[in-house]
Amino acid sequence: MYSPEILLTAVVNGLMTGAVYALIAVGLTLVYGVLHIINFAHGATLTAAMFAVYVLHAAFGLDPYLAMAVTVPGFFALGYAVQRLVIGPASHGDDGNILLVTLGLAIIIENALLVAFRSDTRSIDVPYGFAVMEVGSLFLSLPRVIAVFVVLLVTLLLWLFLARSTTGQAIRAVAKEKTGAALVGIDVGHIYAVTFGLGAACLAVAASLLMPTFLVNPRIGNAFVLVAFTIVVLGGMGSIPGALLGGLFIGVVESLSGLFMGESLGQIGIFLIFILVLLFRPTGLFGAKA
C-alpha cells in the first residue's frame, strides 16, 4: 500500500506545505527574537491578510501573487503603526502588558472580520489552482511549488536585510541588548515597530501563497499559528534558520501522519513532536539557553 513513490510524494508535498508554515513561523520568531514576547495577534493578522487578498481579487480581479505588491507594504505599514501607536504606548514597557494587548488585538481583529464577512468560508478561483507539474514520477501542485521558491527567496532576502543593512544590524543589536543599543543612539521604539512590520509583511506573503489552494474564514489563522508556534519551539525561539528548517520538518511530519493515520488526524504528529521537544530539548534545534 505504501510504495516508495507514495512515500516520496507525501514527503515532497509535506516539504511544500511546510515552506508556507515556515514563513508564518519566521514572522512569529522574528518578533519573539527582538521583543522577547509571543505576539498573540499573529494568527488574526494572517486571517486579515488572507481576507485582504480575497477582497483584492473579488473587487479588482487581482491575482493573489500580484496582490503581494499591495498587501506586503500595506501590512508592513499596519504592523509598524500598530506597534508604535497601540502596543508600545498601551504596554507601558511591561512585557506582560504587551501579551495582553496583542491578545486584545487578536479578539478585535477576529470580531471585526466576523462583522465584515460573517462566518462564511470564502475561496479564490484561479485557473492554476488545481494545476500540477510532472517531475519524474511525481505530480506536484503548481501553487505549492511556487510557494516553495517564494518562501526561500523571502527568507534569503530577510536574512540579507538583517545581516547587511544598517536597520538589520540595529534589529540584531536590540535583540541582544536593548539597553546597550539605546545607549549608543538606536531608537528602540522604532526598531520594535519595524520588527512588527516585518512580521506582518511575512504574513502578507504567506496569505498570497495560501489563497490559491486554501479557504479563508475569520478564524482560519488560529489553526496556522498553532502549527507556527510548534515550529518556533522546535527550531529555537528567535531563530530564523530554525523556523525555516522546523517548518519543512513539521510539514513532512504532518504529511506522513496524514498518510498513515488519515487526513483528519494528520496534525497529531505535529503536537506529538511539540511535546517531545519540550520534554527533551526545550531550547529547540538552534535555540540558546537563557
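Provided above is the structure to which this section pertains.
In this report, we go over the structure that sits alongside the text.

Conventions used here
Residue numbers here run from 1 along each chain, matching the order of that chain's written sequence. Restriction of local features to residues with pLDDT of at least 70 applies here, the model being predicted, together with a cutoff of 80 or more for giving and counting side-chain atom pairs; totals for whole chains, interfaces and linings are based on all residues. The basis for every side-chain value is the complete set of non-hydrogen atoms in the structure, without hydrogens or water. Salt bridges are identified by distance alone: a Lys or Arg side-chain nitrogen within 4 Å of an Asp or Glu carboxyl oxygen. Helix and strand definitions here come from DSSP, where helices need a minimum of 4 consecutive H or I residues and strands a minimum of 2 consecutive E residues; each element is numbered from the N-terminal end. The rule is simple: take the accessible area with a 1.4 Å probe, protein chains only, and divide by the maximum for that residue type; under 20% is buried, over 50% is exposed, in between is partly exposed. Any helix carries an expected span of 1.5 Å times its number of residues minus one. In this description, contact between two residues means that some pair of their heavy atoms is separated by no more than 4.5 Å. Here is the rule: rings of Phe, Tyr and Trp (six-membered ring for Trp) pair when centre to centre is within 6.5 Å. Planes less than 30 degrees apart are stacked, more than 60 are edge-to-face, and the remainder are tilted. Note on pairing: DSSP must find at least two bridges between two strands before they are called paired. In plain words, nonpolar cores are sets of buried Ala, Val, Leu, Ile, Met, Phe, Trp, Tyr and Cys residues tied together by side-chain atoms within 4.5 Å. Think of each axis as a best-fit line through the C-alpha atoms, taken over the contacting stretch in the case of a helix, with angles from 0 to 180 degrees between the N-to-C directions. Should an angle fall under 35 degrees it is taken as roughly parallel, and over 145 as roughly antiparallel, whereas 65 to 115 is taken as roughly perpendicular and any remaining angle as oblique. Helix crossings are classified by the rotation of the near helix relative to the far one: an anticlockwise turn of less than a right angle makes the crossing left-handed, while a clockwise turn makes it right-handed. Three residue categories are used. Nonpolar comprises Ala, Val, Leu, Ile, Met, Phe, Trp, Tyr, Cys and Pro, charged comprises Asp, Glu, Lys and Arg, and polar comprises the others, including Gly. We call two N or O atoms a polar contact when they sit within 3.5 Å, provided that within protein one can donate a hydrogen and the other can accept it, with sequence-adjacent residues counted only if both atoms are side-chain atoms. Candidate patch residues must exceed 30% relative accessible area and have no salt bridge, after which like charges are joined if within 9 Å and Val, Leu, Ile, Met, Phe, Trp or Tyr side chains if within 5 Å. In this description, accessible areas are obtained by the Shrake-Rupley approach with a 1.4 Å probe, and a residue is regarded as covered only by the protein chains that are shown.

With that out of the way, let us pick up the pattern of salt bridges. Per the counting criterion, the structure on display carries 3 salt bridges. Of the charged contacts, one joins Arg84 and Asp187 as a salt bridge, the two residues approaching to 3.4 Å between their closest N and O atoms. Remark: Asp187 occurs in the loop between helix 7 (178–183) and helix 8 (188–210) and Arg84 occurs in helix 3 (residues 68–91); sequence separation between them is 103 residues. With a relative accessible area of 41%, Asp187 lands in the partly exposed category.

What follows is about helix 5 (residues 142–164). Look at helix 5: 33 Å from first C-alpha to last across 23 residues, which is about the 33 Å you get at 1.5 Å a residue. Those residues of helix 5 not exposed but buried are Pro143, Val145, Ala147, Val150, Val151, Val154, Thr155, Leu158 and Leu162. The inward-facing, buried residues of helix 5 abut helix 1 (4–35), strand 1 (132–135), strand 2 (138–141), helix 6 (166–176), helix 8 and helix 10 (240–261).

Each aromatic ring pair is characterised by the separation of its centres together with the angle its planes make. Enumeration according to the criterion identifies 5 aromatic pairs in this entry. Aromatic side chains Tyr65 and Tyr128 sit 5.5 Å apart centroid to centroid with 15° between the ring planes, which places their arrangement in the stacked category. In this pair, Tyr65 is assigned in the loop between helix 2 (42–60) and helix 3 and Tyr128 in the loop between helix 4 (95–117) and strand 1, connecting sequence segments 63 residues apart. You can call Tyr65 buried: its relative accessible area is 15%.

Where strand 1 meets strand 2, 4 bridges bridge the pair, whose relative direction is antiparallel. Across the sheet, the residue bridging to Val132 is Ser141, located in strand 2. Between strand 1 and strand 2, which pair antiparallel in sequence order, lie 2 residues; one of them, Gly136, sits at a positive phi of approximately 65°.

Within the largest apolar cluster, 83 residues are counted, with the highest numbers of intra-cluster contacts made by Leu23, Ile24, Leu46, Met50, Leu209 and Ile250. Per-element accounting of this core gives the leading share, 15 residues, to helix 8. The residues touching Leu46, leaving out its near neighbours within four places in the chain, are Ile24, Leu203, Ala206, Ala207, Leu210, Gly221 and Phe224. Core analysis: the next-biggest nonpolar cluster, separate from the first, contains 5 residues, Met16, Leu138, Leu140 and Val145 among them.

This part takes up the packing of helix 2 against helix 4. Orientation of helix 2 relative to helix 4, taken along the N-to-C sense of each, is 30°, at an axis distance of 9 Å. With respect to their mutual orientation, helix 2 and helix 4 come out roughly parallel. Classified by chirality, the crossing of helix 4 by helix 2 is left-handed. Contacts between helix 2 and helix 4 involve Ala44, Thr45, Thr47, Ala48, Phe51 and Val55 on the former and, on the latter, Ala106, Ile109, Glu110, Leu113 and Phe117. Among the residues forming the contact of helix 2 with helix 4, the class breakdown is 8 nonpolar, 2 polar and 1 charged.

A few words on helix 10. In a regular helix each residue adds 1.5 Å, so 22 residues correspond to 32 Å; helix 10 covers 31 Å between its end C-alpha atoms and thus fits that length. A side-chain oxygen of the first residue of helix 10 lies 3.0 Å from the backbone nitrogen of Gly242; this N-cap is Ser239. Where helix 10 ends, the next residue or the one after it, Gly262, has phi of about 105°, a positive value.

Taken together, the side chains of Leu272, Ile275, Leu276, Leu279 and Phe280 define a hydrophobic patch exposed on the protein surface, amounting to about 550 Å² of accessible area. Relative to the helices and strands, Ile275 is located in helix 11 (residues 268–280). Judged by relative accessible area, which is 47%, Ile275 ranks as partly exposed.

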